[in-house]
Amino acid sequence: MTQFHIFVIRAILGAGFAVILSRMFYPDANIIYVAGLGIILVGLAYFAEYLRNRKK
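Model, not experiment: these values are computed from the prediction.

Q: For this particular structure, what's the right way to read the environment of I20?
A: On the secondary structure map, I20 appears in helix α1 (residues 3-25). With 14 residues separating them in the primary sequence, I20 and V34 have C-alpha atoms 9.4 Å apart.

Q: Whenever I open this one, the pattern of salt bridges confuses me. Can you help?
A: Note on pairing: side chains with opposite charge can pair once their charged atoms come close. Applying the stated criterion across every chain yields a total of one salt bridge. One salt bridge in this structure joins R10 and E49, with 2.9 Å as the shortest N-O distance. Taken together, the positions of R10 in helix α1 and E49 in helix α2 (residues 31-54) put the pair 39 residues apart, joining distant regions of the chain.

Q: How do you make sense of the side chain of S22 when you look at a structure like this?
A: Looking at the secondary structure, you find S22 in helix α1. Leaving out residues up to four positions away in the same chain, S22 has contacts with P27 and V34.

Q: Looking at this structure, how should I read a nonpolar patch on the surface?
A: On the surface, a nonpolar cluster with roughly 1000 Å² of combined accessible area is contributed by M1, I9, L13, F17, I20, L21, M24, F25 and Y26. Tracing the chain through its elements places Y26 in the loop between α1 and α2. For Y26, a relative accessible area of 60% gives the class exposed.

Q: Just checking my understanding: could you explain α1 for this structure?
A: Quick reminder: α-helices carry 3.6 residues per turn. Residues three or four places apart thus point the same way. With 23 residues, α1 should cover 33 Å at 1.5 Å per step; its first-to-last C-alpha distance of 32 Å lies within 8% of that length. Restricting attention to buried positions, one finds in α1 the residues R10, G14, A18 and S22. Summarising the contacts, the buried residues of α1 are in contact with α2.

Q: How should I be thinking about the UniProt feature "transmembrane region" (unreviewed entry) in the chain in this particular structure?
A: Mapped onto the present numbering, the UniProt feature "transmembrane region" (unreviewed entry) falls at residues 7-25 and 31-51. Helix makes up 100% of residues 7-25 and strand 0%. Its end C-alpha atoms lie 26 Å apart. Note that residues 31-51 is 100% helix and 0% strand, and that its end C-alpha atoms are spaced 30 Å apart.

Q: Sorry if this is basic, but what is going on with α2 here?
A: Along its 24 residues, α2 runs 35 Å from first to last C-alpha, staying within 8% of the 34 Å computed at 1.5 Å per residue. Listed as buried for α2 are V34, G38, V42 and E49.

So, how was this worked out
- The written sequence of each chain sets the order in which its residues are numbered from 1.
- Thresholds applied to this predicted model are a pLDDT of at least 70 for local features of residues and 80 or more for the giving and counting of side-chain atom pairs; totals over whole chains, interfaces and linings are not thresholded and use all residues.
- Side-chain figures throughout are based on the complete set of non-hydrogen atoms in the structure, without hydrogens or water.
- Secondary structure elements are defined from DSSP: runs of H or I of at least 4 residues count as helices, runs of E of at least 2 residues count as strands, and each element is numbered from the N terminus.
- By definition here, a salt bridge exists when the distance from a side-chain nitrogen of Lys or Arg to a carboxyl oxygen of Asp or Glu is within 4 Å.
- Here, two residues are considered to be in contact whenever any of their heavy atoms come within 4.5 Å of each other.
- Every patch collects residues that have over 30% relative accessible area and no salt bridge, joining them within 9 Å if they carry like charges and within 5 Å if they are nonpolar side chains (Val, Leu, Ile, Met, Phe, Trp, Tyr).
- In this description, accessible areas are obtained by the Shrake-Rupley approach with a 1.4 Å probe, and a residue is regarded as covered only by the protein chains that are shown.
- Here the term buried applies to any residue with accessible area under 20% of the maximum for its type, exposed to any over 50%, and partly exposed to those in between, with areas from a 1.4 Å probe on protein chains only.
- A helix's residues, less one, multiplied by 1.5 Å, set its expected span.
- UniProt positions are given in the numbering used here, feature names are shortened, and annotations may be inferred rather than shown by experiment.

Take a look at the structure:
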């Protein structure tokens, strides 16, 4: 898989989990906050990959 495909998969999953989490805990949240949460989740996925690959 290319890096672009991995980014697309992470972006889709990040957006999906952001919607689920925000609707579960904050049902009246604005769409801007949901998008921000999705960006944070994707960023955390890349940070976790960096930490995992740093040990090699």
